[in-house]
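Structural overview for review
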Amino acid sequence: MTVRTIVDAHRGRKSPFCTSDISVFDAAVEIAELGVNALAVVDDGKLAGIITDHDIIRALADTGADLGEIRVSEWMTPDVKTCTPDSKLSDALNIMARYGIRHLVVVEGDAPVAVLGARDVLTRIHENDELQLRVLQDIARISHATQVA
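Notes on the structure follow. These numbers come from a predicted model, not from an experiment. (Residues numbered from 1 in each chain as written. Predicted model: local features only at pLDDT ≥ 70, side-chain atom pairs only at ≥ 80, totals over all residues. Heavy atoms only, no water.)

In terms of helices and strands, the protein chain carries five helices and six strands. Listed N to C, the secondary structure of the protein chain is α-β-α-β-β-α-β-α-β-β-α in terms of helices and strands. Within the protein chain, the proportion of its 149 residues that are buried is 32%. For the protein chain, the proportion of contacts with a sequence separation of at least 24, taken over those separated by at least 6, is 57%. (Helix = DSSP H or I, 4+ residues; strand = E, 2+ residues; numbered from the N terminus. Buried < 20%, exposed > 50% of the residue type's maximum accessible area, 1.4 Å probe, protein only. Contact = heavy atoms within 4.5 Å.)

Taken together, the three strands give an open sheet; going across it, the order is β4-β5-β6, and neighbouring strands pair in mixed fashion. This sheet does not close on itself; its edge strands, each paired only once, are β4 (82–83) and β6 (111–117). In terms of strand pairing, β4 meets strand β5 (residues 103–108) through two bridges, oriented parallel. Note that in β5 the partner of C83 across the bridge is V106. Its contacts with the sheet put helix α4 (residues 89–99) on β4, β5 and β6, and the angle it makes with β5 is roughly 130°. (Pairing = 2+ DSSP bridges. Axes fitted to C-alpha atoms, helices over the stretch in contact; angles between N-to-C directions.)

See below:
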């Protein structure tokens, strides 16, 4: 199963993207309104970074300043880990584990298309495992029924 299954499920929703020149406060509002935990930072159509809910909390705690005056560019992570829609879900999860991160930006070429959270990946993997288990149970029932008959 690939990342595309999650990307396709999110089609039609507003993309969790922002630009580096907006305020951290505006990024926090966008995160809250979208119900996500991270925004891909996109400048001129290219991935420039990622800002997470954790980055916003750190900005507030470290500066104590008005988050309306601080730009996303000051608190985003510019070295973003990415995957493609054709990446396996297990590979995406391995990247997250290797780097101790909870979000990957899904890219096609230089253009971001989605932000993938660990919860999204784990949920999809779990759904797939449950489906496979039900199929195996059905096969076992059919096999048992044909042996009894």
